[in-house]
Amino acid sequence: MACAGRRSACWLGLALCAAAAASPLVAVAAESGSGAAGIRLDQLGFLPGARKLAVVEGHGGQSFEVLRDGDGAVVRSGVLTAAAQWAPAARPAAVADFSALDAPGRYRLRVQGLAPSDPFPVDPQAYAGLADAALKAFYFNRAGTALEPRHAGRFARAAGHPDTKVVIHPSAASAARPAGTVVAAPGGWYDAGDYNKYVVNSGITTWSLLAAYEHYPEFFRGRDLGIPESGDAVPDILDEAWWNLRWMLAMQDPSDGSVYHKLTNLAFDGELMPAQADKPRYMVGKGTAAALDFAAVMAMASRIYAGYEAQFPGEPARMRAAAEAAWRWALAHPDLAYRQPKDVHTGAYGDEAFDDEFAWAAAELYLLTGDEEYRLAFGRHAADAGVPSWAGVGSLGWISLAQHRGRLPAEDRVEVEQQLRTLAAQLAAQWQASPWRVAMQAADFRWGSNSTVLNQALVLLQGYRLSGERAQLDAAQSQLDWVLGRNPLGVSFVTGQGVRTPMHVHHRPSHADGIDDPLPGWLSGGPNPGQQDAKDCRGVAYPSSLPALSWLDHGCSYASNEVAINWNAPLVYVAAALQVLTPAAP
Ligand code: 9MR
């Protein structure tokens, strides 16, 4: 991936500009990396009934106090757990539990010998604004449309990437559409910090948003995101998802049901605004993963938008037909991996194993059609549930089946519940055993680690919904806490949400718009000791190579500080789910 410093002044001389570009945040990280003591907690605070934990790092204290912000009155006190070493950050950590604090207000934590914590609220709507912002971020990544001031405010911009003249690349040619054919596939979301559009990653992303709606419809029905469709008869989350679904439909070759792998440039765009980035665009590759992810999403969307037939006339049927055609194509091409052509240098999203995609698509098609063929296919392809990722989508099928378990034969219902409950129990045990109270293990810190944190939470929430076991809800809360500041860097990883937030995400419009603040509501990828961007970040040192500290708030750092739609989608899910599921009282 191409990389550049965030500001144009940094574009040419990363080594020279490193010191100037290092935000206060990097200074905080470096200090933390050297073993600074401190109190880390969720910078957006807590719902009154939530489990409320903070972590005290690198300190021998035994007790803590909760102060009311403002007059400093001590409203609670408690005992810290014994400090224990946590390998991913190699620092001792002790836990403060102040769950009984349930009166709405603003507070700080105090431990003798340390600076008081950031102020934090206890608020019955603690995560509603977060869910809105994380969803609005998708609007900010809409391709092929101008963002108007009344929806985008100071982030308004001209349209780019119309994608009305997309060239079929030789890797995607068919008899009906030979290489060089020009087709249209406008709309959709830019994938991430780059301006390309990838079907595989759109798959899990769109599922996560549609699942959020399907699981918590009341929460989403009432919300006004300030997008162009706000105020119509459709929940904004479904309007936003439709922006991408309409594009995805155009990614299918109508002659045979196959699906293009991606719509991209040959190489990544420079650090330009969309309207300035006008390189030719291509349909690149076809494959089993794209076809099955497409089939799964279209089947799910057909089921959900059937409730809005009046607003989307004919679309549920069109999506069903598209899903079935893609499924049939995949049956005939069950093992076609995407291979990056030599002249193409954009993201690969390559996958070699397709049982999980088959299982997911079969689950969604079964729920849509009730056809035994799909139930049997699910049984043939499904493996034990795991934490979802763009390459590992089998659990999305388990979760959709669980949502509709009342319609399943009894023995299937038992199996579906058991799969998700077993995985959630395992994650809750990891959470309980961790000195940081987070389910993440050292090996989980890879590219996009913050999305792993949130997808673990998403699974924990399924366990809680099925079993009512409070520890699973508490563990999910802790995972969100991690992303919002209860981590060894003391950073809330969501732009604009919290006290110390990323300022230099790898995101082209955030670089190129000339506005200091990044686009709001975006989750930074998170600590990644792989540091695959080191060659593009010359002169800008990561603060640490430890798994949980290996993060760099610099525009060069696509491996730790990019944003991506598949990382934001579980943030929307988890924020909404905790807002809905957390009991009113502790
Ligand atoms: O999220 C992807 C990560 O799992 C891979 O390790 C990485 C390298 O292949 O690519 C990530 O996806 C990127 C995609 O290829 C292009 N758009 C930006 C994505 C996030 O960095």
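Each value, and the rule that gives it
- Residues numbered from 1 in each chain as written.
- Predicted model: local features only at pLDDT ≥ 70, side-chain atom pairs only at ≥ 80, totals over all residues.
- Heavy atoms only, no water.
- Pairing = 2+ DSSP bridges.
- Helix = DSSP H or I, 4+ residues; strand = E, 2+ residues; numbered from the N terminus.
- Axes fitted to C-alpha atoms, helices over the stretch in contact; angles between N-to-C directions.
- Left-handed = near helix turned anticlockwise from the far one by under 90°.
- Contact = heavy atoms within 4.5 Å.
- Nonpolar A, V, L, I, M, F, W, Y, C, P; charged D, E, K, R; others polar.
- Phe/Tyr/Trp six-rings, centres within 6.5 Å; stacked < 30°, edge-to-face > 60°.
- Buried < 20%, exposed > 50% of the residue type's maximum accessible area, 1.4 Å probe, protein only.
- Disulfide = S-S within 2.5 Å.
- Core = buried A, V, L, I, M, F, W, Y, C linked by side-chain atoms within 4.5 Å.
- Domains from an automatic or database assignment.
- pLDDT = per-residue confidence, 0-100.
- Near = heavy atom within 4 Å.
- Polar contact = N/O pair within 3.5 Å; in protein donor to acceptor, adjacent residues only side chain to side chain.
- Areas by Shrake-Rupley, 256 points an atom, 1.4 Å probe, with all protein chains shown as cover.
- 1 Å grid on protein atoms, 1.4 Å probe; cavity = no way out; pocket = protein on both sides within 12 Å on 5 of 7 lines; lining within 4 Å.
- Sits in = over half its atoms within 2 Å of the grid points.

1. Focus on the sheet that holds strand β5 (residues 84-86)
Strands sit in the order β1-β2-β6-β5 across an open sheet of 4 strands; the sheet is antiparallel. Lying at the two open borders of the sheet, with one neighbouring strand each, are β1 (38-40) and β5. Neighbour-to-neighbour, the strand axes of this sheet turn through a mean angle of 40°, independent of strand direction. In the sheet, β5 pairs with strand β6 (residues 91-97) via 3 bridges, with the strands oriented antiparallel. Looking at β6, one finds that Trp86 is bridged to Arg91.

2. Remarks on the packing of helix α14 (residues 449-467) against helix α17 (residues 565-581)
The interhelical angle for the contact between α14 and α17, taken along N-to-C directions, is 35°, at an axis separation of 9 Å. Relative to α17, the crossing made by α14 is left-handed. Listed contacts from α17 to Ser451, Leu454, Asn455, Ala457, Leu458, Leu461, Gln462, Tyr464 and Arg465 of α14 are Asn566, Trp567, Pro570, Leu571, Tyr573, Val574, Ala577, Leu578 and Leu581. Of the residues belonging to the contact of α14 with α17, the class tally is 13 nonpolar, 4 polar and 1 charged.

3. Concerning the packing of aromatic side chains
The full count for this structure, using the stated rule, is 27 aromatic pairs. Seen in terms of ring centroids, Phe46 and Phe120 are 5.8 Å apart; in terms of plane orientation they differ by 85°. Their pairing is edge-to-face. With Phe46 in the loop between β1 and β2 (53-57) and Phe120 in strand β8 (residues 120-122), this residue pair connects regions lying 74 residues apart in the sequence. You'll find Phe46 and Phe120 in the same group, each marked buried. Taking the centre distance of 5.1 Å and the plane angle of 85° together, the rings of Tyr305 and Phe312 count as edge-to-face. For the pair formed by Tyr305 and Phe312, the shared burial category is buried. In this structure an aromatic cluster arises from ring pairing among Phe46, Phe64, Phe98, Tyr107 and Phe120.

4. As for the state of the cysteines
Taken as a whole, this structure holds 1 disulfide when the rule is applied. Between the sulfur of Cys537 and that of Cys556 lies a disulfide, 2.1 Å long from S to S. Across the disulfide from Cys537 to Cys556, rotation about the S-S bond amounts to roughly 115°, and the bridge is consequently right-handed. With Cys537 in the loop between α16 (508-512) and α17 and Cys556 in the loop between α16 and α17, this residue pair connects regions lying 19 residues apart in the sequence. For Cys556, a relative accessible area of 0% corresponds to the buried category.

5. Observations regarding the nonpolar core
Within the largest apolar cluster, 179 residues are counted, with the highest numbers of intra-cluster contacts made by Leu109, Tyr127, Phe220, Met283, Tyr305 and Trp482. Top contributing element to this core by residue count: helix α8 (residues 288-305), with 14 residues. Shared between two domains, this core holds at least three residues of each, these being domain 1 (45-123) and domain 2 (156-421). Counting residues in each nonpolar core, the second largest holds 6 residues, with Cys537, Val540, Tyr542 and Ala559 among its members.

6. Some details on the confidence of the model for the chain
Low pLDDT means the predicted coordinates in that region are not meant to be read closely. Across the chain, the average pLDDT comes to 93, with 94% of residues at or above 70. Here residues 1-35 is a poorly scored stretch, pLDDT under 50, and it has 78 contacts once near neighbours within four places are set aside; other chains count.

7. What to know about the pairing of β2
In terms of burial, β2 is a largely internal element, 5 of the 5 residues being buried. What you see with β2 is no split at all: Leu53, Val55 and Glu57 on one side and Ala54 and Val56 on the other are buried throughout. Looking at chain direction, β1 and β2 are connected through 3 bridges and run antiparallel. Among the inter-strand pairings, Gly38 is bridged to a residue of β2, identified as Glu57.

8. Examining the site of the ligand
Around the ligand, a shell composed of 12 residues is seen, among which Asp191, Asp194, Trp390, Trp447 and Glu562 lie nearest. One of the side-chain N or O atoms of Tyr349 is found 3.3 Å from an oxygen atom in the ligand. Glu562 has a polar side-chain atom sitting 3.0 Å from an oxygen atom of the ligand. About the coverage of the ligand: the protein hides 78% of its 450 Å² of free accessible area. If you map the ligand onto the pockets, it falls in the largest pocket. Among the residues forming the shell around the ligand, the class breakdown is 8 nonpolar, 1 polar and 3 charged.

9. Some details on the domain arrangement of the chain
You can read the domains of the chain as domain 1 (45-123) and domain 2 (156-421). Inter-centroid distance (C-alpha atoms) of domain 1 to domain 2 is 42 Å.

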